[in-house]
Protein chains: 2
Amino acid sequence: MKPTGHMDQALIEARKAADRGEVPVGAVIVLNGKVLASAGNQTRELHDPSAHAEVLAIRAACKAMKSERLTGADLYVTLEPCPACAAVISAARIARVYYGASDPKSGGIEQGPCIFSHPQCHHKPEVYGGIGETESAAILRRFFKTRRQA
Amino acid sequence: MKPTGHMDQALIEARKAADRGEVPVGAVIVLNGKVLASAGNQTRELHDPSAHAEVLAIRAACKAMKSERLTGADLYVTLEPCPACAAVISAARIARVYYGASDPKSGGIEQGPCIFSHPQCHHKPEVYGGIGETESAAILRRFFKTRRQA
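Caption draft 1: Structural view of the overall build of chain A. Secondary structure summary: chain A contains 4 helices and 5 strands in total. What you see in chain A, going N to C, is helices and strands ordered as α-β-β-α-β-α-β-β-α. The C-alpha radius of gyration of chain A comes to 14 Å, within 12% of the 15 Å expected for a compact globule of 150 residues. Here chain A holds 150 residues, and 55% of them are scored as buried. In chain A, the proportion of contacts linking residues at least 24 apart, taken out of those at least 6 apart, comes to 56%. When the accessible surface of chain A is totalled, it reaches about 6,500 Å², and 53% of it is carbon and sulfur. Taken as two groups, the 19 positive and 15 negative side-chain charges of chain A have centres that lie 3 Å from each other.

Caption draft 2: Spatial organisation of the pairing of strand β4 (residues 96-101) of chain A. Residue and element names in this part refer to chain A. Across the 6 residues of β4, 5 count as buried, placing the element largely inside the fold. Sheet topology places strand β3 (residues 74-79) next to β4; 5 bridges connect them, and they run parallel. Bridging across to β4, Asp74 finds its partner in Arg96. You can see the chain leave β3, run along helix α3 (residues 83-91) and come back into β4, and the turn it takes is right-handed. In terms of strand pairing, β4 meets strand β5 (residues 126-128) through 3 bridges, oriented parallel. Opposite Arg96, over in β5, you have Glu126 as the bridge partner.

Caption draft 3: The relation of the copies chain B and chain A, seen in detail. Overlaying chain B with chain A gives an RMSD of 0.0 Å, the required rotation being 180 degrees about an axis along which the chain moves by 0.0 Å. The transformation just described matches what one would write down for a two-fold rotation axis. The position closest to the rotation axis in chain B is occupied by the C-alpha of B:Ala84, lying 1.9 Å away. Comparing contact sets, 100% of the residues at the interface of chain B also lie at the interface in chain A, consistent with an isologous, same-surface contact.

Caption draft 4: Representation of helix α1 (residues 5-19) of chain A within the structure. Residue and element names in this part refer to chain A. In this model, α1 (15 residues) spans 21 Å end to end at C-alpha, consistent with the 21 Å of a helix rising 1.5 Å per residue. Considering only its buried residues, α1 is in contact with β1 (26-31), β2 (34-40), β3, β4 and α4 (133-149). Directly after α1, the chain includes Gly21, whose backbone phi takes a positive value near 85 degrees.

Caption draft 5: Spatial organisation of the interface of chain B and chain A. In this complex, chain B contributes 31 residues to the contact, which on the side of chain A involves 31 residues. Counting the surface lost from both chain B and chain A, the interface buries some 2,400 Å², and carbon and sulfur atoms represent 64% of this. Taken together, the links from chain B to chain A amount to 4 salt bridges. With a closest N to O distance of 3.8 Å, A:Arg44 and B:Glu68 form a salt bridge. In this assembly, chain B and chain A are joined by 15 residue pairs in polar contact (both at pLDDT 80 or more). Elements supplying a minimum of two residues to the side of chain B that touches chain A: α2 (53-65) and α3 (83-91) of chain B. Residues of the side of chain B that touches chain A, tallied by class, amount to 13 nonpolar, 11 polar and 7 charged.

Caption draft 6: Local environment of the sheet that holds strand β5 (residues 126-128) of chain B. Residues and elements named next belong to chain B. Spatial ordering of the open sheet is given by β2-β1-β3-β4-β5, a layout of 5 strands whose pairing is mixed. At either end of the open sheet lies a strand with only one pairing partner, and these are β2 (34-40) and β5. Going from strand to strand, the sheet's axes swing by 15 degrees on average, the running direction of each strand aside. Here 6 bridges tie strand β1 (residues 26-31) to β2, and the two strands are oriented antiparallel to one another.

Caption draft 7: Seen up close, the packing of helix α1 (residues 5-19) of chain B against helix α4 (residues 133-149) of chain B. Residue and element names in this part refer to chain B. Here α1 crosses α4 at 0 degrees, and the two axes come no closer than 10 Å. Classified by the angle their axes make, α1 and α4 are roughly parallel. Along its contact with α1, which presents Leu11, Ala14, Arg15 and Ala18, the element α4 presents Glu135, Ser136, Ile139 and Phe143. Of the residues that constitute the contact of α1 with α4, the class distribution is 5 nonpolar, 1 polar and 2 charged.

What counts, and where the lines are drawn
The numbers attached to residues start from 1 for each chain and follow its sequence in the written order. All chains are assigned letters beginning at A, and all ligands numbers beginning at 1, according to the order in which they are written. The predicted origin of the model limits local features to residues at a pLDDT of at least 70 and limits the giving and counting of side-chain atom pairs to 80 or more, whereas totals for whole chains, interfaces and linings rest on all residues. Based on all heavy atoms of the structure, the side-chain values leave hydrogens and waters out of the count. The numbering of helices and of strands both runs from the N terminus, where a helix is a DSSP run of H or I of at least 4 residues and a strand a run of E of at least 2. For the radius of gyration, the atoms used are the C-alpha atoms, and the globule rule reads 2.2 Å times the number of residues raised to 0.38. Whether a residue is buried, partly exposed or exposed follows from its accessible area with a 1.4 Å probe, protein chains only, as a fraction of its type maximum: under 20%, in between, or over 50%, in that order. Should any heavy atoms of two residues lie within 4.5 Å, those residues are counted as being in contact. For the accessible areas, the method is Shrake-Rupley and the probe is 1.4 Å, while residue cover comes only from the protein chains on display. For the purpose of charge, His is not counted, nor are the chain termini; Lys and Arg are scored as positive and Asp and Glu as negative. Think of each charge as sitting on NZ of Lys, CZ of Arg, CG of Asp or CD of Glu. At least two DSSP bridges between two strands are required for those strands to pair. Clockwise travel from the first strand over the helix to the second, with the strands pointing away from the viewer, marks a crossover as right-handed. Each copy is superposed on the other by least squares, with the fit set by C-alpha atoms of residues at a pLDDT of at least 70 in both. What a helix is expected to span follows from its residue count: subtract one and scale by 1.5 Å. Accessible area that two parts lose when put together, with a 1.4 Å probe and added across both, is what the buried area reports. We count a salt bridge whenever a side-chain nitrogen from Lys or Arg sits within 4 Å of a carboxyl oxygen from Asp or Glu. Residues adjacent in sequence count toward polar contacts only when both atoms are side-chain atoms; beyond that, a polar contact is any pair of N or O atoms within 3.5 Å, and within protein one must be able to donate a hydrogen and the other to accept it. Only Asp, Glu, Lys and Arg are considered charged, only Ala, Val, Leu, Ile, Met, Phe, Trp, Tyr, Cys and Pro nonpolar, and every remaining residue, Gly among them, polar. Convention adopted: a line fitted to C-alpha atoms gives each axis, helices being fitted over their contacting stretch, and angles between N-to-C directions are expressed from 0 to 180 degrees. Throughout this description, any angle smaller than 35 degrees is read as roughly parallel, any larger than 145 degrees as roughly antiparallel, any in the 65 to 115 degree range as roughly perpendicular, and the remainder as oblique.

Below, the structure is given as C-alpha cells:
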C-alpha cells in the first residue's frame, strides 16, 4: 500500500536512524491531524534497550500533552511493533496503529505473543499493516546489507 | 517465600512509589552482587506510560554501564512484569528475574502473552516467582484500598 504523508515522515525518521547507525525504524504520533512527536530508533546512542522509535515518540508526545495517555491518537511506524512497543501503545491508549513492514523475527502484534489478543491487554487499538511496507523493508534491507559488508 | 535483601530494597521502592501516589511496584538491578540501579513506578509523575519500575531501573543501569545490555544481571521486582517490561528485560539480556506477587490482571510472564515463551523472544531469562509476594501484595492492596476510600 502506498504510504500516507505521516508514514512518509516516519520513513524519513527511519532513514535518519540508519544514518546514525541505528536499526532504521521511524515513528510519528498524530492527534486530530497534528503531529505531536516523531522519532527514530535510538537504542545504541542512548544505551537504552527500550528506546525504540515508537516508545520515544510516545514519551515525547506524552510529555508535550502532560499526560500518560494519548487517547484518540494515531501512531505511524515503519515496522511492526515489538511486544514491548505494542504493550506501551496499549498503555498509552493509542487509537490506531498504521505500520509498514511485518516483522516475523521480532514482531509482537501479528506474531508470537500477539499482544493485543489477550485479556491482559486492557486497550486494543485498531491496527492497519502494510502502509509503505515496500520502502520500509527496503530501508531495513539496505541497512543490514551495508553492515554485513562493513 | 521470604524476601532476600535485594527484594527488601525493591519493596522499599514500592512503598516510596505509594507515598508519591504511584501504583506501588519497585525494582532493583544487581550485577555481580552490586546494586546498579533501583526504581519505583513513575508513570504519572513522568507522564510516561513506559515508566514502570523495571524499565526505569533497566534504563538507569544501562546508563551507568554505558551499554544497552545488562548481560548476567539479576532483576528483583515486587510484581510480575507486564508484557512491555518482560520484553525490555529480554532485550536487555537480564539473566535472572525474581518477582513477588503474580499479576493475573496485567502480567506478561506467566499470564496472557507469556512473553518468554515465543520464538520472537530472543533471550529468555531464568524466572523465579513468589519472592516476597506476601508483602508485595499487601502493599498493593493497601494502596488500592486507600484510593477507593479517597
